[in-house]
Amino acid sequence: MFGKRIGATACPAREARLEDYIERRLSADEAAEVETHARSCARCAAALDAAGASVPLLGMLRARPQAQPSPYFVARVMAAVRGEQDVWKPVERAAWRLCWVATAVVLILAAFLLHLQRLQPIPPAPEQSQVQALVSVSAPQPAYQDDSYLLVSSGDHGR
Amino acid sequence: MTRSAGEGQRSEVADERQLVRRAQSGDEAAYEELVRTHQHRVVAIASRLLRGSQEAEDVAQQVFVKAYFSLRSFDLRSKFSTWLYKIAVNECWNHLRKKKARPLVYEADLSEEQSERYQGAAQRSGMVDPEEAARQQDLVEWLLGQLDPKDRMMLELKEAQGFSIDEISEVLELNPNTVKVRLFRARTKLMELYRRRLNPSRPAAKRG
Ligand SMILES: [Zn+2]
């Protein structure tokens, strides 16, 4: 276009503008300004000439068929994604299982204790019933006092 | 119901954002959908930047695996595709660095005979014959292979993948002005190599 030799470097401050020029991103006024400069600057003219010639040459790359993913591409990516997660999954699963088991044990234990507490135990041995009687008789109730006394004393007596 | 192009695009963006949000919260099906949508572009980019290497598909897969595990760091306000391409370019770059020792197909030197053929191909204008078109493309590939890898990648993203200046600047984390300057310099370098290759005996060939 400007008939100068190629391989020269353009004015550094103008390079971005020159790229805009060859890529046709400039308005008519801006393009005219670039051309005016190039007429009086051999370096910019030569660089423009060269860079401009690269546009159709490199444009040939777009005519090349693009590489296509294989039919299994998505499946393989997802398998890899799951595979990498699976490194932690067994650990995670084991931790959860442990959590559940621990919770279950605590709950069963709590239920059992509650059950024990609710049930008034049937006296299996006289000694235990004596203790029970002592504990239950805390308020002074004359009617039972004698009974409990008798019980305790009889227990004492038994020993 | 008909929608305008703008509306359609906006809802597409919204749909994608929805998918990303779901994938971020661990929905694998949503991520699978994202992979399906973007696989072609990512494979094409990897294959382009890795110069047709057989490993391009593996690298592309790695891109999606990496993206999956860094999904939480993705800011929903930015564009998912650009974020993905950034990972793709980085993966390709790392892959190239690891493989540096092995000479790449296009970087081998041209034989005298090849040079003759390319010269003919480049000088005849108007691509009629597909064989000749392929030869011209091979010449371009060879020229690109002579450039600094970063310059080459930039030109390839621009010219082969149709990236905008803004996209390149986001993907390579450079400011748009720097991208333009580097692209322009890469172009002049490429053409200097072209001139030297085709006219080795004439250091200052006249053109035009
Ligand atoms: Zn100048």
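Quick summary incoming for the structure in this document. (Residues numbered from 1 in each chain as written. Chains lettered and ligands numbered in written order. Predicted model: local features only at pLDDT ≥ 70, side-chain atom pairs only at ≥ 80, totals over all residues. Heavy atoms only, no water.)

Let us now look at the overall build of chain B. Along chain B, the regular secondary structure elements total nine helices and zero strands. Mapped from its N terminus to its C terminus, chain B presents α and β elements in the order α-α-α-α-α-α-α-α-α. Residues counted as buried form 50% of the 208 residues belonging to chain B. For chain B, contacts bridging at least 24 residues in sequence account for 63% of all contacts bridging at least 6. Within the structure as shown, chain B displays about 11000 Å² of accessible surface, and the carbon and sulfur contribution to it stands at 47%. (Helix = DSSP H or I, 4+ residues; strand = E, 2+ residues; numbered from the N terminus. Buried < 20%, exposed > 50% of the residue type's maximum accessible area, 1.4 Å probe, protein only. Contact = heavy atoms within 4.5 Å. Areas by Shrake-Rupley, 256 points an atom, 1.4 Å probe, with all protein chains shown as cover.)

Further remarks concern the coordination of the zinc ion. Residues and elements named next belong to chain A. At this site the zinc ion is bound by Cys11 (SG), His37 (NE2), Cys41 (SG) and Cys44 (SG), with donor distances of 2.1 to 2.3 Å. One can describe the donor arrangement at the zinc ion as tetrahedral, given that its four donor atoms subtend angles of 100 to 118° at the metal. Mapped onto the sequence, the donors of the zinc ion take the spacing C-x25-H-x3-C-x2-C. Assessed through its relative accessible area of 0%, Cys44 is described here as buried. (Donors = N, O, S within 2.8 Å, 3.2 Å for Na, K, Ca; no water. Tetrahedral: all angles 85-135°; square planar, octahedral: opposite > 155°, others 65-115°.)

Quick look at the packing of helix α1 (residues 15-22) of chain A against helix α3 (residues 42-59) of chain A now. All names here are of chain A. At their nearest, the axes of α1 and α3 sit 10 Å apart, and the two run at 40° to each other. Relative to α3, the element α1 is oriented oblique. As α1 runs across α3, the sense of the crossing is right-handed. Between α1 and α3, the residues in contact are Leu18, Tyr21 and Ile22 and Cys44, Leu48, Ala51, Gly52 and Val55, respectively. (Axes fitted to C-alpha atoms, helices over the stretch in contact; angles between N-to-C directions. Parallel < 35°, antiparallel > 145°, perpendicular 65-115°, else oblique. Left-handed = near helix turned anticlockwise from the far one by under 90°.)

This brings us to the interface of chain B and chain A. Between chain B and chain A, the residue contacts involve 52 residues of the former and 44 residues of the latter. Of the roughly 4500 Å² buried where chain B meets chain A, counting both sides, 62% is carbon and sulfur surface. On the surface where chain B and chain A come into contact, there are 12 salt bridges. Two residues, B:Glu57 and A:Arg76, come together in a salt bridge whose shortest N-O distance is 3.7 Å. Where chain B touches chain A, the interface holds 16 residue pairs in polar contact (both at pLDDT 80 or more). (Buried area = accessible area lost by both parts, 1.4 Å probe. Salt bridge = Lys/Arg side-chain N within 4 Å of Asp/Glu carboxyl O. Polar contact = N/O pair within 3.5 Å; in protein donor to acceptor, adjacent residues only side chain to side chain.)

In this section: the packing of aromatic side chains. Here a ring pair, both rings aromatic, is described through the centre-centre distance and the interplanar angle of the planes. All names here are of chain B. For the structure on display, the rule yields seven aromatic pairs over all chains. Between Phe74 and Phe80 the ring centres are 5.6 Å apart and the planes differ by 90°, which places this aromatic pair in the edge-to-face class. Residue classification places Phe80 among the buried residues on the basis of a relative accessible area of 3%. A connected cluster of aromatic rings, assembled from ring pairs, spans Tyr31, Tyr68 and Phe69. (Phe/Tyr/Trp six-rings, centres within 6.5 Å; stacked < 30°, edge-to-face > 60°.)

This brings us to the side chain of B:Gln39. If you trace the backbone, B:Gln39 turns up in helix α2 (residues 28-49). Within the local environment of B:Gln39, its side chain forms a polar contact with the backbone oxygen of B:Arg36, the two atoms lying 3.5 Å apart. Those residues in contact with B:Gln39, other than ones at most four positions away along the chain, are A:Pro69, A:Phe73, A:Val74 and B:Phe64.

Tallied over the entire structure, the rule returns 35 salt bridges over all chains. Between B:Arg187 and A:Glu23 there is a salt bridge, with its nearest N and O atoms 2.9 Å apart. Of this pair, B:Arg187 sits in helix α9 (residues 176-198) while A:Glu23 sits in the loop between α1 and α2 (28-40), which puts the two residues in different chains. The burial state of B:Arg187 is the same as that of A:Glu23; both residues are buried. Taking the shortest distance from any N to any O, the salt bridge between B:Arg135 and B:Glu131 comes out at 3.9 Å. Of this pair, B:Arg135 and B:Glu131 both sit in helix α6 (residues 130-146), separated by four residues, roughly a single helical turn. Beyond isolated ion pairs, a larger network of salt bridges with shared partners links A:Glu19, A:Asp20, A:Glu23, A:Arg25, A:Arg62, B:Lys158, B:Glu159, B:Lys180 and B:Arg187.

Structurally, B:Glu32 is set in helix α2. Separated by 13 residues in sequence, B:Glu32 and B:Leu19 place their C-alpha atoms 9.6 Å apart. The residues touching B:Glu32, leaving out its near neighbours within four places in the chain, are A:Val74, A:Met78 and A:Arg82.

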